[in-house]
Amino acid sequence: MEVRVRYAPSPTGMQHIGGVRTALFNYLFARANGGKFILRLEDTDRTRYGEEYVQNLYDTLAWLGIEWDEGQDKGGPYGPYVQSERFELYKKYAEELVEKGQAYYCFCDAERLDRIRTIQTMNKMPPGYDRNCRHLTPEEVEANLKAGKPYVIRLKVPLEGVTKFHDALLGDIEWKNEDISPDPVLLKSDGFPTYHLANIVDDHFMKITHVMRAQEWIPSTPLHVIMYQAFGWEPPQFCHLPMVMGQDGQKLSKRHGATSVNEFRARGYLPKALINYVAMLGCSYEDGRDIYDLADFENLFKIEHLNKAPAVFDYKKLEWFNGQYMRTMSDEDLYKATLPFITGTGDAAIPINASEQFPAPKVGPTVSGVKLNEDGEPVAEGLTPAETKEKLLQLMPLIKERLHFLHEAAEMVRFLFTEPEVPPVEQIIPKKLDAAKTKEVLLASIDFIKALPTLSHEESEALARSTAEKLGVKLGDFMMPIRMAVTGSKVSPPLMGSILILGTDKALERTQKAIEKF
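Now for a description of the structure that goes with this document. The shown structure was predicted, so the numbers you read here are calculated from the model rather than taken from an experiment.

About the criteria used
Residues numbered from 1 in each chain as written. Predicted model: local features only at pLDDT ≥ 70, side-chain atom pairs only at ≥ 80, totals over all residues. Heavy atoms only, no water. Helix = DSSP H or I, 4+ residues; strand = E, 2+ residues; numbered from the N terminus. Rg over C-alpha atoms; globule rule 2.2 N^0.38 Å. Contact = heavy atoms within 4.5 Å. Areas by Shrake-Rupley, 256 points an atom, 1.4 Å probe, with all protein chains shown as cover. Lys, Arg positive; Asp, Glu negative; His and termini not counted. Charge placed at Lys NZ, Arg CZ, Asp CG, Glu CD. Phe/Tyr/Trp six-rings, centres within 6.5 Å; stacked < 30°, edge-to-face > 60°. Buried < 20%, exposed > 50% of the residue type's maximum accessible area, 1.4 Å probe, protein only. Lys NZ or Arg CZ within 6 Å of the ring centre and 35° of its normal. Axes fitted to C-alpha atoms, helices over the stretch in contact; angles between N-to-C directions. Parallel < 35°, antiparallel > 145°, perpendicular 65-115°, else oblique. Left-handed = near helix turned anticlockwise from the far one by under 90°. Nonpolar A, V, L, I, M, F, W, Y, C, P; charged D, E, K, R; others polar. Pairing = 2+ DSSP bridges. Expected span 1.5 Å × (residues − 1). Core = buried A, V, L, I, M, F, W, Y, C linked by side-chain atoms within 4.5 Å. Right-handed = clockwise from strand over helix to strand, strands pointing away. Salt bridge = Lys/Arg side-chain N within 4 Å of Asp/Glu carboxyl O.

### Observations regarding the overall build of the protein chain
Step number 1: If you tally the helices and strands in the protein chain, you get 22 helices and 13 strands.
Step number 2: For 518 residues, the compact-globule estimate of 2.2 N^0.38 gives 24 Å, and the protein chain exceeds it by more than 25% at 31 Å.
Step number 3: Considering only C-alpha atoms, the protein chain reaches an extent of 105 × 45 × 45 Å along its principal axes.
Step number 4: Across the protein chain, every contact between residues at least 6 apart in sequence was considered, and the portion connecting residues at least 24 apart equals 73%.
Step number 5: Carbon and sulfur atoms form 50% of the exposed surface of the protein chain, whose accessible area is close to 24800 Å².
Step number 6: One finds the centroid of the 62 positive side-chain charges in the protein chain at a distance of 3 Å from the centroid of its 74 negative side-chain charges.

Structural data, given as structure tokens:
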């Protein structure tokens, strides 16, 4: 039997980490078993539906490199793959359940249902429908239908006994039928199916063999099993994935930081890093490595390697993955990846939920001094596009080891394309030096800067150490005032390489301005 799994989101919001993890695990399971991964849109919630959310779904999966085999855009033998185009099918099978005596017409209006809810709340009773219309006689039903009275179709949930199902991760699960939502609506009065009906019908006719979804869906599964039994259909194998939690043990949300994939993109994460980390959230792999390609996961993924316990999302660990992947990039690839953040275009222009705790990244021309021209090429003041690109490419090997996020490149290249203000004297002075000694360091740095173009990297480092020793200061206290003078910041690419790309004349000019402050 061919493995067939699906990711079936409701396009009512942007794609978040939890959904992406579900999509990824389904995709990996399909690939590991030579099966098919289906992308289906459950778009029956029209009040919150948005075309932008559909596009975000496609964009997100494409950015991550997750390819689907069947879907509305790709076609397939069991389409359409959008629920709103399958209404006749849902109506047919809801009515079939009525004919089988497994469901019934309910004519209760909104006023009566509100009254029931009020009574239940006041008396602290369990919520749910009171099954009033379950007991209508065939004659009463026929009279209401002939009168054109609006109705919904409700499922007959067994009044006694238990419903059992096997979960591939959690084992056998048993649910008392009296604890299941009493007779939920399958087909609404406007002809729209509820999630439960559409989900079951679609999974059956799309020949879904395994349903892998978050553990928050466990309470719905007994109801789904009852529906499969009512139709006389074989249910798929269920696997409820561990939840994704924040460090505080609560369900991951924006209070913990970025959770939508757009936020991660806008904050300078690489898709490979996100895939690598998310694939390991709640799942282990045989060889114990940290770094994997998507193809590795496709070969290694197994349901038995999933963890039952919730997975904790660790932003620091993800940051580490991001840095590791940037270190492996070629200079050209890193240039292409950082350019949108340097120029404030592409992913850097995606709106994010900035806050005091999670501020927006500093990106774009006002930060870097580099913008895109009409031809889509980078250009800085006083430089041609070709010269600008050349300098950026020269910087890539210097910033590569220091980047944690792509957006940090904008500030790191700033010194090269803008004239930084001379920092206040107190910022130039290292903690263990005074103003007089710091000025002495800056004066000595003039000969040091002049010598750099003729020296190898090793010779430059040796000269820096020997000059610091002569001055009686530590190497860090020698380099820091020079860094502040030349780049205007305590954080910059490696100093000696930065000076050579900037040019010694400009570096000396900035150093002299700093000396004049003392």
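### Quick word on the packing of aromatic side chains
Step number 1: Evaluation of the coordinates by the stated rule reveals 27 aromatic pairs.
Step number 2: With a centroid separation of 4.1 Å and an interplanar angle of 10 degrees, the aromatic rings of Phe231 and Trp233 are classed as stacked. For the residue pair Phe231 and Trp233, the accessibility class agrees, reading buried in each case.
Step number 3: For the pair Trp320 and Phe321, a centre-to-centre distance of 5.2 Å together with 70 degrees between the ring planes defines the contact as edge-to-face.
Step number 4: In this structure Trp320 comes out as partly exposed when scored by relative accessible area, which is 35%.
Step number 5: Phe321 sits in the buried class, given a relative accessible area of 1%.
Step number 6: Of note, Arg154 hangs over the ring of Tyr129, and the distance from its end group to the ring centre comes to 3.7 Å.

### As for the packing of helix H18 (residues 435–451) against helix H19 (residues 457–471)
Step number 1: Look at H18 against H19: their axes get within 11 Å of each other, and the N-to-C directions meet at 150 degrees. Looking at the two axes, H18 sits roughly antiparallel to H19. Crossing of H18 against H19: the hand is right-handed. Only Ser460, Leu463, Ala464, Thr467 and Leu471 of H19 make contact with H18, whose side of the interface consists of Lys437, Glu440, Val441, Ala444, Phe448 and Ala451.
Step number 2: In terms of residue class, the contact of H18 with H19 is built from seven nonpolar, two polar and two charged.

### Remarks on the sheet that holds strand S4 (residues 152–155)
Step number 1: With respect to topology, three strands assemble into an open sheet ordered S3-S4-S7, the strand pairing being antiparallel. Only two strands of the sheet have a single neighbouring strand rather than two, namely strand S3 (103–106) and strand S7 (185–187). The sheet shows a mean angle of 45 degrees between the axes of neighbouring strands, direction not considered.
Step number 2: Alignment of S4 against S7, held across two bridges, turns out to be antiparallel. Note that in S7 the partner of Arg154 across the bridge is Val185.
Step number 3: Packing against the sheet, helix H3 (residues 87–99) makes contact with S3, S4 and S7, and its axis sits at approximately 105 degrees to S3.

### Some points on helix H20 (residues 475–487)
The α-helix advances 3.6 residues per turn, and as a result positions three or four apart in sequence lie on the same side.
Step number 1: Counted at 1.5 Å a residue, the expected span for H20 with its 13 residues is 18 Å, and the 18 Å between its end C-alpha atoms agrees.
Step number 2: Within the sequence span of H20, burial applies to Asp477, Phe478, Met479, Met480, Pro481, Ile482, Arg483, Met484, Ala485, Val486 and Thr487.
Step number 3: Where H20 is buried, its residues contact helix H16 (414–417), helix H17 (425–428), H18, H19, helix H21 (495–502) and helix H22 (504–515).
Step number 4: At the C-terminal side of H20, Gly488 shows a positive phi close to 80 degrees.

### Details of the packing of H3 against helix H6 (residues 195–205)
Step number 1: Viewed as axis vectors pointing N to C, H3 and H6 meet at an angle of 100 degrees, and their least axial separation amounts to 10 Å. Considering the angle they form, H3 stands roughly perpendicular to H6. Of the residues in H6, those in contact with Leu89, Tyr90, Tyr93 and Ala94 of H3 are Leu197, Ala198, Val201, Asp202 and Phe205.
Step number 2: Taken together, the residues of the contact of H3 with H6 break down into eight nonpolar, no polar and one charged.

### Remarks on the nonpolar core
Step number 1: Counting 110 residues, the largest nonpolar core has Leu28, Tyr285, Phe313 and Phe478 as its most contacted members.
Step number 2: In terms of residue count, the dominant contributor to this core is helix H1 (residues 17–32) (nine residues).
Step number 3: The residues touching Phe313, leaving out its near neighbours within four places in the chain, are Ile17, Val244, Met245, Gln247, Leu252, Phe264, Tyr277, Leu281 and Leu318.
Step number 4: By size, the runner-up hydrophobic cluster in this structure holds 38 residues, among which are Tyr81, Leu186, Phe192 and Tyr228.

### Focus: the pairing of strand S9 (residues 237–241)
A regular strand carries its side chains on alternate faces of the sheet.
Step number 1: Burial runs high along S9: four of the five residues are buried.
Step number 2: One ladder, built from five bridges, connects strand S8 (residues 210–214) with S9; its direction is parallel. Bridge pairing in S9 links Val211 to Phe238.
Step number 3: On the question of chirality, the crossover connecting S8 to the parallel S9 by way of helix H7 (residues 221–231) is right-handed.

### What to know about the pattern of salt bridges
Step number 1: Scanning all chains against the criterion turns up 29 salt bridges.
Step number 2: With a closest N to O distance of 3.7 Å, Asp202 and Arg40 form a salt bridge. Of this pair, Asp202 sits in helix H6 while Arg40 sits in the loop between strand S2 (36–39) and helix H2 (51–64), and the two are 162 residues apart along the sequence.
Step number 3: Residue class for Arg40 comes out buried when judged on its relative accessible area of 0%.
Step number 4: Residues Arg289 and Asp296 are paired through a salt bridge, measuring 3.6 Å at the closest nitrogen-oxygen approach.
Step number 5: A single salt-bridge network, built from bridges that share partners, covers Arg6, Arg40, Glu42, Arg86, Asp202 and Asp203.

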